[in-house]
Amino acid sequence: MTLKIIKPNFIIIFISALVLLISSNVKADRVVISNEGSDDITIIDLNTYEILNTIESGNRPRDMHYIPGTNSLLVAASEDDTINVIDMKTLKIIGNLETGDDPEIFDISPDGKVAVVSNEDDNEATVIDIKTGKIIRVIEDVGIEPEGVNFTPDGKYVFITSEGTNTIIIIDPWKGEIVEEVLVGNRPRRGAFNKNGEEYWVTNELGGTVSVIDTNTFLIKHTINFEKKGIRSSEITPVDFAMSNNGNLAYITLGRSKHVAVVNTNNYEVIDYILAGSRVWGAAITADDKTLIVTNGQSDDISIIDTDKRASIKSIAVGRTPHTVRIIE
Amino acid sequence: MRIILLKLVIIVLFLSSINSLYADEKESFNIGYYDLEKDIRYDEWGVHPVDIRSNTNQLYKRPIAGARLGLKDIKPFQRMAKVKFKLMSLRIKNIDTAANDILNHINSNNIKIILLDLPVTKLLNVVNKISNLNIAVINISSKNNELRSSNCNQNLFHTIPSERMLSDSLAQYLSDKKWRKVLMLTGPLEIDKAKSESFIESAKQFGLKIIDNRNFLLGNDPRARDQNDLDFLTGSAKYDAVYVSDTHKEFSYRVPFATHIPSAVIGSSGLTPRAWHWSYLRHGAPQVHGRFERMNQRRMTEEDWAAWIAMRAIAEALVRFKDNENFSFHDSFVSENFKLDGSKGPVLSFRKWNRQLRQPIMLSTDNWVTSIAPLESFVHRENNLDTIGIDSKTSKCSK
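Here the structure is a predicted model, which means the values were calculated and not measured.

Visitor: Help me understand the overall build of chain B in this model?
Guide: Summing up its helical and strand segments, chain B has 13 helices and 14 strands in all. Out of the 399 residues in chain B, the part that is buried amounts to 45%. Once local pairs closer than 6 in sequence are excluded, the contacts in chain B between residues at least 24 apart make up 66%.

Visitor: Explain the overall build of chain A here, please?
Guide: Along the backbone of chain A there are one helix and 28 strands. For chain A, the C-alpha radius of gyration of 21 Å lies close to 20 Å, the compact-globule estimate for 329 residues. In terms of overall dimensions, chain A has a C-alpha envelope of 80 × 50 × 35 Å along the principal axes. Counting every position in chain A, which comprises 329 residues, the buried fraction comes to 46%. Of the contacts made within chain A by residues no fewer than 6 positions apart, 41% connect residues no fewer than 24 positions apart.

Visitor: Sorry if this is basic, but what is going on with unusual backbone geometry here?
Guide: With the exception of glycine, most residues fall at negative phi, and the peptide bonds are largely trans. Cis geometry marks the peptide bond from B:Ala373 to B:Pro374; its omega dihedral reads 0°. Locating B:Pro374 in the fold gives a position in the segment after strand S14 (369-373). Unlike most non-glycine residues, A:Arg60 shows phi in positive territory, near 55°. Turning to its location among the elements, A:Arg60 is positioned in the loop between strand S3 (51-56) and strand S4 (61-67). A count of 21 C-beta atoms within 10 Å places A:Arg60 in the buried class.

Visitor: Any chance you could explain the sheet that holds strand S27 (residues 311-317) of chain A here in plain terms?
Guide: Each strand in a sheet pairs with another by means of backbone hydrogen bonds, the pair being arranged parallel or else antiparallel. Residue and element names in this part refer to chain A. Strand order in the open sheet formed by four strands is S24-S25-S26-S27, with antiparallel pairing between adjacent strands. Of all strands in the sheet, those with a lone pairing partner are strand S24 (280-285) and S27, marking the two edges. If you compare each strand with its neighbour and ignore which way they point, the axes differ by 25° on average. Relative to strand S26 (residues 301-306), strand S25 (residues 291-296) runs antiparallel, the two sharing six bridges. What sits directly across from Thr291, in S26, is Asp306.

Visitor: Quick question: what am I supposed to make of the pairing of strand S8 (residues 103-108) of chain A here?
Guide: Within a regular strand, the side chains alternate between the two sheet faces. Residues and elements named next belong to chain A. S8 sits mainly inside the fold: five of its six residues count as buried. Taken together, the four bridges between S8 and strand S9 (residues 114-119) define a ladder with antiparallel strand orientation. When the bridges of S9 are listed, Ile108 appears paired with Ala115. Hairpin remark: S8 followed by S9, antiparallel, with five residues in the connecting loop; positive phi at Gly112, about 75°.

Visitor: Is there a simple way to explain the domain arrangement of chain B in this structure?
Guide: One frequently used descriptor of interface size is the decrease in accessible area upon assembly of the parts. When cut into domains, chain B gives domain 1 (27-161 + 275-359) and domain 2 (164-272). Summarising the inter-unit geometry, the C-alpha centres of domain 1 of chain B and domain 2 of chain B are found 30 Å apart.

Visitor: Would you explain the domain arrangement of chain A in this entry?
Guide: All names here are of chain A. On domain assignment, one finds that chain A holds domain 1 (53-225) and domain 2 (237-329). Spacing between the C-alpha centres of domain 1 and domain 2 amounts to 20 Å. Between domain 1 and domain 2, the residue contacts involve 21 residues of the former and 19 residues of the latter. For the side of domain 1 that touches domain 2, the secondary-structure elements that each account for two or more residues are S4, strand S16 (188-193), strand S17 (199-204), strand S18 (209-214) and strand S19 (220-225). Of all the elements, S4 adds the most residues to the side of domain 1 that touches domain 2, at five residues. By residue class, the composition of the side of domain 1 that touches domain 2 is nine nonpolar, six polar and six charged.

Visitor: What am I meant to see in the sheet that holds strand S10 (residues 124-129) of chain A here?
Guide: Residues and elements named next belong to chain A. Ordered in space as S8-S9-S10-S11, the four strands form an open sheet in which the pairing is antiparallel. Whereas interior strands pair on both sides, the edge strands pair on one side only; in this sheet they are S8 and strand S11 (134-140). Averaged over all neighbouring strand pairs, the angle between strand axes comes to 25°, with direction disregarded.

Visitor: What should I look at first to understand the packing of helix H4 (residues 98-109) of chain B against helix H5 (residues 120-129) of chain B in this one?
Guide: Think of two packed helices as two axes; the pair is described by the angle between the axes and how far apart they sit. Residues and elements named next belong to chain B. Here H4 crosses H5 at 45°, and the two axes come no closer than 9 Å. Judged by the inter-axis angle, H4 sits oblique to H5. Considering the relative orientation of H4 and H5, their crossing is right-handed. Listed contacts from H5 to Ala98, Ala99, Ile102 and Leu103 of H4 are Lys122, Asn125, Val126 and Lys129. Broken down by class, the residue content of the contact of H4 with H5 amounts to five nonpolar, one polar and two charged.

Visitor: Can you help me understand the environment of B:Thr272 in this one?
Guide: All names here are of chain B. Note that Thr272 resides in strand S10 (residues 272-274). On the neighbour-count criterion, Thr272 (22 C-beta atoms within 10 Å) is buried. For the pair Thr272 and Phe333, spaced 61 residues apart in the sequence, the C-alpha separation amounts to 29 Å. Not counting chain neighbours up to four residues away, the residues in contact with Thr272 comprise Gly267 and Ser364.

Visitor: Would you explain the interface of chain B and chain A in this entry?
Guide: Each side of the interface is counted separately: chain B has 14 residues, and chain A has 17 residues. Its residues placed into classes, the side of chain B that touches chain A shows six nonpolar, four polar and four charged.

Visitor: What is the right way to read the packing of helix H7 (residues 163-177) of chain B against helix H8 (residues 190-205) of chain B from this model?
Guide: All names here are of chain B. Two elements in contact, H7 and H8, have axes separated by 8 Å at closest approach and are oriented at 50°. Accordingly, the angle class assigned to the pair H7 and H8 is oblique. Crossing of H7 against H8: the hand is right-handed. Residues Glu163, Arg164, Ser167, Asp168, Leu170 and Ala171 of H7 lie in contact with H8, whose contacting residues are Ala194, Lys195, Ser198, Phe199, Glu201, Ser202, Ala203 and Gln205.

Visitor: Explain the nonpolar core to me, please; I cannot follow it from the model alone.
Guide: Among soluble globular proteins, nonpolar side chains are generally buried collectively. B:Leu115, B:Leu116 and B:Ala310 are the most contacted members of the largest nonpolar core, which has 99 residues in total. The biggest single contributor to this core is helix H12 (residues 302-321) of chain B, with 13 residues. Both domains that meet at this core, namely domain 1 (27-161 + 275-359) and domain 2 (164-272) of chain B, each give it at least three residues. Residues in contact with B:Leu116, not counting those within four places in the same chain, are B:Tyr34, B:Leu123, B:Val126, B:Val137, B:Ile138, B:Asn139 and B:Ile140. If you look at the next biggest cluster of nonpolar residues, it comprises 75 residues, including A:Met88, A:Val117, A:Ala250 and A:Val262.

Visitor: Sorry if this is basic, but what is going on with the confidence of the model for chain B here?
Guide: Parts of the prediction with low pLDDT should not have their coordinates interpreted in detail. For chain B, per-residue confidence averages 89 on the pLDDT scale, and 89% of positions sit at 70 or higher. In this model, residues 16-24 of chain B is a region of pLDDT below 50 whose contacts with residues beyond four sequence positions or in other chains number zero contacts.

Reading guide: rules and limits
- Within each chain, residues carry numbers counting from 1 in the order of the written sequence.
- The naming scheme follows written order: chains are lettered A onward, ligands numbered 1 onward.
- Thresholds applied to this predicted model are a pLDDT of at least 70 for local features of residues and 80 or more for the giving and counting of side-chain atom pairs; totals over whole chains, interfaces and linings are not thresholded and use all residues.
- For helices the rule is a DSSP run of H or I covering at least 4 residues; for strands it is a run of E covering at least 2, with both sets numbered from the N terminus onward.
- Each residue is classified by how many other C-beta atoms fall within 10 Å of its C-beta atom, where C-beta atoms are placed from the backbone; a count of 20 or more means buried, 12 or fewer means exposed, and values in between mean partly exposed.
- Working definition of a contact: two residues with C-beta atoms, positioned from the backbone, lying within 7 Å.
- The globule rule used here is 2.2 Å times the number of residues to the 0.38 power, and the radius of gyration it is set against is calculated over C-alpha atoms.
- Two strands form a pair only when DSSP identifies at least two bridges running between them.
- Fitting a line to C-alpha atoms yields each axis, with helices limited to the stretch in contact; the angle taken between N-to-C directions then spans 0 to 180 degrees.
- Boundary definitions for the domains trace back to an automatic or database domain assignment.
- Three categories are distinguished: nonpolar for Ala, Val, Leu, Ile, Met, Phe, Trp, Tyr, Cys and Pro, charged for Asp, Glu, Lys and Arg, and polar for the others, with Gly belonging to the last.
- An angle counts as roughly parallel when it lies under 35 degrees, as roughly antiparallel when it exceeds 145, as roughly perpendicular when it falls between 65 and 115, and as oblique in every other case.
- Rotating anticlockwise by less than a right angle from the far helix to the near helix defines a left-handed crossing, while the corresponding clockwise rotation defines a right-handed one.
- Residues enter a nonpolar core if they are buried, belong to Ala, Val, Leu, Ile, Met, Phe, Trp, Tyr or Cys, and are joined to the set through C-beta atoms within 7 Å.
- pLDDT expresses how confident the predictor is about each individual residue, on a scale running from 0 to 100.

Here it is in structure tokens:
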């Protein structure tokens, strides 16, 4: 008699636990892609690779950052001169941050309180209070067409790549000052810090190289070149990074060459080239370093790359001209 | 009181000395820019017939606007180049004294490098006159083929593409589309004829067939209708495309949709090859023409672009090579490590043999870039950009 009562209960608990597990997985592990041509965000299940939602954003969505504390996604809507705040539970735009003109790439301070955005057309960088959505200060004269923006891991400085001036401009966002300027290769697009923060890596899109800057001396300590049989040097146009979480590898998207380079961060050697799609730009990697996801701007899709096999295992059609990919785990 | 005053004077003196220290820190780097007051290229026609009735200032169309944007854009390079850029221009009134006027202007203003917006004949005079100064000259507007193939000068660089680069681009496009049979309509000016000759060379190279080359005349004279009536001009022939060379454009604007048989129109109207077109959306081009339009309230032309990129080339050479022993623009521009960003896609550089800036060409209608040359199917042994224009083997310049 007692057994009969316990048994169904046990099953119910088991099933509900399973449902909870699955549903929490669906909610937690997602891939978000901004499509700058179709003004929307594609949301994909990281485990099944199914498209869960396509949500409208502001016009020309480009860079994105997820803030775990508030479960919100910040999306730069370049043509609307704003950053959309999207609630990832309801998938609705719940607010906007002031940004100044044409925000493209931005970064969030390590404490999650402040965003710094590059204003390409005005040669400025704007510092924004995320909580109030208001501009704190504008830093002028950060080179022609500033693009990449990265907070140093300690949150003290911001490194900005200036496409038109071929330099990295290091600013103090708290004082609003330019601290230093470093000449790199042609058309620097994006940057990334290595794991211990002692190096800043920069893609030189037209130079076809990556410059590694020592963050203590602000000198270039190494330049990485890419060479692959069958690819002309003019097609090697590095743009974005995904740094592995274990700190050993850098994945660098090579634009027109349709490949992603795998670089050993300890000795700067290029280990491999992985075939992706047309004009491969954006990149993101999962927390376990097993899956790399890249956006292919000219084929309107993303490639899912198995980092053990170093090969694309799936491509998924998304919106028009996918720009940035982020993984929310 | 006296002591306080003295202190104040000392402080003021000290501050002003600091100021002058900072001011002297960067030496002035003077760039010369020369054009002609009377230049047929900026007269009357050229943009659209309606312009002659509008208030558009003719002088305002001049590409010095591009050089001014270039100056603004290279100002941030000053931090790295440790110089202060200055653009010093002179508009020459008397064509006969042009070469002397420019020589004097260079000498009295300590000018280090110059941009020339002159028609080909005047340009050569000037270049020869100042050739002893050993100063680099950047031609921003003459497309003349001879300047790149036989009539060269060691000091002369070109940022504007040659006619041959433009006609090769068209020929590649037609060849790629398999529109191989072309009827040519050539205008009355020498420069129209030169354009057509360049197209004939390109057609030969890329395997097009010229059905006929007919001369057109602007007018309504019924006795000359075989030369001024489009039905006659484009009749009794079978072709895939009609090529028009018409510098003044008044005639060529009438050709699209007016040919005797359905046909693509290329050259001076229809699909036109240009170094730059405002409608291009990729590779950072919208940022450049956005800056240009906000500054000048007009579209950016290819000559504007050529002047703009010339300024960028100067800054790039200074930033990268200034500290080299025996620095010269001549060597820096043709160095293996000289790479220029023209917001057109690939990295740009100067051809060693004729000092022409290698660059993609935009094949555009009036409001859209339809294609970019070199087209993907044309491959060169060293640099695909060299599939358009006068190659090292045919240019006599390096010999």
